[in-house]
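Spelled out, the chains give:
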Amino acid sequence: MSDDQLKQEIKEMIVERLFLDADPNDIKDDENLMENYEIDSVNLFEIVVGLEEQFGISFEDEDFSVDLFATINNLAAYVEQKRG
Amino acid sequence: MSGGEERLVTFESGGEPLHGVLHVPAAPSGNALVFCHPFAEEKKCAHRTMVEAARACAEAGWAVLTFDHRGCGDSPGAFGAHDLADWREDIVAAVECAARETSARVGLLGLRLGASLAAQVAEERADLACLVLWEPIIDGERYIKQNLRRSMIKAMMTRHEGGEDSEGAAAAAGALGDGTVDFDGYRVPEVMREQMEQIDLTDPPPSFGGRTLVLNIGASDSVAEPMQQLADAYAAGTAAAVRQEPIWQRIGVIDADPIISATVDWLRQQ
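Source: prediction; values computed, not measured.

Rules used in this analysis
- Sequence positions are assigned chain by chain, starting from 1 and proceeding in written order.
- Throughout, the order in which chains and ligands are written sets their labels, letters from A for the former and numbers from 1 for the latter.
- At least 70 in pLDDT is required for a residue's local features to be given in this predicted model, at least 80 for side-chain atom pairs to be given and counted, and no such filter applies to totals for whole chains, interfaces and linings, which use all residues.
- What counts as a helix is a DSSP run of H or I of at least four residues, what counts as a strand is a run of E of at least two, and both are numbered from the N terminus.
- When we talk radius of gyration, it's over C-alpha atoms, and the globule rule is simply 2.2 Å times the number of residues to the 0.38.
- Any pair of residues counts as being in contact when their C-beta atoms, constructed from backbone geometry, are within 7 Å of one another.
- With C-beta atoms placed from the backbone, a residue is labelled by how many other C-beta atoms lie within 10 Å of its own: buried for 20 or more, exposed for 12 or fewer, partly exposed between the two.
- At least two bridges found by DSSP between two strands are what make those strands a pair.
- Axes here mean lines fitted to C-alpha atoms, for a helix over just the part in contact, with angles spanning 0 to 180 degrees between N-to-C directions.
- Side-chain classes follow a simple rule in which Ala, Val, Leu, Ile, Met, Phe, Trp, Tyr, Cys and Pro form the nonpolar group, Asp, Glu, Lys and Arg form the charged group, and the remainder, Gly included, forms the polar group.
- Start and end positions for the domains come from either an automated domain assignment or a database one.
- Angular relationships are summarised with four words: roughly parallel below 35 degrees, roughly antiparallel beyond 145, roughly perpendicular across 65 to 115, and oblique for the angles in between.
- By this rule the span expected of a helix is its residue count minus one, scaled by 1.5 Å.

Undergrad: Teacher, can you tell me more about the overall build of chain A here?
TA: Helix and strand counts for chain A stand at 4 helices and 0 strands. For chain A, whose C-alpha radius of gyration is 12 Å, the value lies close to the compact-globule estimate of 12 Å for 84 residues. Seen along its three principal axes, the alpha-carbon backbone of chain A occupies a region of about 30 × 30 × 20 Å. Expressed as a percentage of contacts within chain A between residues at least 6 apart in sequence, the contacts between residues at least 24 apart total 66%.

Undergrad: Help me understand the overall build of chain B, please; the structure alone is not making it clear to me.
TA: Looking only at helices and strands, one finds 8 helices and 10 strands in chain B. Taking 270 residues into account, the globule formula puts the C-alpha radius of gyration at 18 Å, and chain B, at 18 Å, falls close to it. In terms of its C-alpha atoms, chain B occupies a principal-axis envelope of roughly 55 × 45 × 40 Å. Scored against the burial criterion, the 270 residues of chain B give a buried share of 49%.

Undergrad: Would you mind going over the sheet that holds strand β6 (residues 130–134) of chain B with me for this structure?
TA: Strand-to-strand pairing in sheets goes through backbone hydrogen bonds, with the strands running parallel or antiparallel. Residues and elements named next belong to chain B. Pairing within the open sheet is mixed, and its 8 strands lie in the order β1-β2-β4-β3-β5-β6-β9-β10. Each edge of the sheet is formed by a strand with only one pairing partner; in this case those strands are β1 (5–13) and β10 (237–243). For this sheet, the mean inter-axis angle between neighbouring strands, taken without regard to orientation, is 20°. Pairing geometry for β1 and strand β2 (residues 16–24), over 9 bridges, is antiparallel.

Undergrad: Got a minute to help me understand the interface of chain A and chain B in this structure?
TA: For interface size, the figure often reported is the accessible area lost on association. The interface of chain A with chain B comprises 12 residues on the first partner and 13 residues on the second. If you list the elements that add at least two residues to the side of chain A that touches chain B, you get α1 (3–17) and α3 (41–55) of chain A. Partitioning the side of chain A that touches chain B into residue classes produces 7 nonpolar, 1 polar and 4 charged.

Undergrad: What exactly am I supposed to notice about the domain arrangement of chain B here?
TA: Residue and element names in this part refer to chain B. In terms of domain boundaries, chain B breaks down into domain 1 (5–138 + 203–268) and domain 2 (140–198). Between the C-alpha centres of domain 1 and domain 2 the distance comes to 25 Å. Opposite the 7 residues of domain 1 that make contact, domain 2 presents 12 residues.

Undergrad: How should the packing of helix α2 (residues 84–102) of chain B against helix α3 (residues 113–122) of chain B be read in this particular structure?
TA: Angle between the axes and distance between the axes are the two parameters that describe a pair of packed helices. All names here are of chain B. Orientation of α2 relative to α3, taken along the N-to-C sense of each, is 70°, at an axis distance of 10 Å. The angle between the axes of α2 and α3 places the two elements in the roughly perpendicular class. Facing α2, whose interface residues are Leu-84, Trp-87, Arg-88, Ile-91 and Val-92, α3 presents Leu-117, Ala-118, Gln-120 and Val-121. Looking at side-chain class alone, the contact of α2 with α3 contains 7 nonpolar, 1 polar and 1 charged residues.

Undergrad: I would appreciate a short explanation of the pairing of strand β4 (residues 62–67) of chain B in the present structure.
TA: If a strand is regular, its side chains alternate between the two faces of the sheet. All names here are of chain B. Of all 6 residues making up β4, 6 are buried, and the element is well covered by its neighbours. Residues Trp-62, Val-64 and Thr-66 line one face of β4 and the alternating positions Ala-63, Leu-65 and Phe-67 line the opposite face, and both faces are buried. Relative to β4, β2 is paired through 4 bridges, and the arrangement is antiparallel. If you follow Val-21 over to β4, its bridge partner there is Thr-66. With 5 bridges connecting them, strand β3 (residues 31–36) and β4 associate as parallel partners. What sits directly across from Phe-35, in β4, is Thr-66.

Undergrad: What's the story with unusual backbone geometry in this structure? I'm lost.
TA: One can expect most non-glycine residues to show negative phi and most peptide bonds to be in trans. All names here are of chain B. A cis amide bond links Asp-203 with the next residue in sequence, Pro-204, at an omega value of 5°. Mapped onto the elements of the fold, Pro-204 is located in the loop between α6 (190–197) and β9 (211–218). The phi dihedral of Glu-135 is positive, around 40°, even though this residue is not glycine. Mapped onto the elements, Glu-135 comes out in the loop between β6 and α4 (140–160).

Undergrad: Quick question: what am I supposed to make of α2(B) here?
TA: Residue and element names in this part refer to chain B. Relative to the 27 Å expected for 19 residues at 1.5 Å per residue, α2 spans 27 Å between its end C-alpha atoms, a close match to the ideal helical length. Turning to α2, its buried residues number three or more, namely Leu-84, Trp-87, Arg-88, Asp-90, Ile-91, Ala-93, Ala-94, Val-95, Cys-97, Ala-98 and Thr-102. A positive phi of about 55° marks Ser-103, the residue just after α2.

Here is the structure:
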């Protein structure tokens, strides 16, 4: 899967799981998700579960940081790293 | 409420008086449901939907008894003083109360942990009219892990926003001392945590033979594999998916009509 494909899948997953009234294609790779989509702790939990289920990765406790969830770029880099 | 009646009821379980509300239909179908509520913060978030569901079922002719377990809501006792065995006893007592008050055949409707407890009670009560499981906890170990993770994320966000989270850090580690764990501010005693961890609704396979609906609630229109497997494990099980924001995760106005409609439609076919 290419980097762009991965980012697109993450965007689609976020829009679906958070019931966002947004087009995945309009989400920029480097925009701040928490500020622009009012993502709170409930949403973050959904994103974690979504990433684990969709990409077969597992978050470790020490991985959690606000920066990780800040942008699509950061999430995609994390998924890539976990998938080795 | 159209023509029916809602009245407070009190019934005893384990020597304690439990608080409930009985929704009596104007045109009874001869069936009743006991609504088994979810756990801790999820109960608080889902309360409005539970009441709306009870009213909708009553309009469809099903009497519904909603109640609070020992140590929860308006029923007496401290939250941590009871365990899942006590709460299964409460459900049995509620079934008997509903049967006594309505002379109807009683089934169980449960949400999340309440659905899991309902499923466990149904294994001992073949006489139940039916079983409706809203997003049941199938794997208790995963449920615990996810709740601890939720606490950790909340603590992380609190720190990010400049707040204090003295218990959050401990919650992130999973323990608050004495084997208790933090479920969004509810201290879960060790014995209850262990009972939750042991929940596995598919092993051994369920033996309840009555009509069973497993309702998968979430972002997808299709039934998730574990929910389908659970439904398939029942002799008369059906699974359905409802695309709906999880009603147990957030306090606020959520239109739960998709869940309620799916349930009422299914009940009308019974």
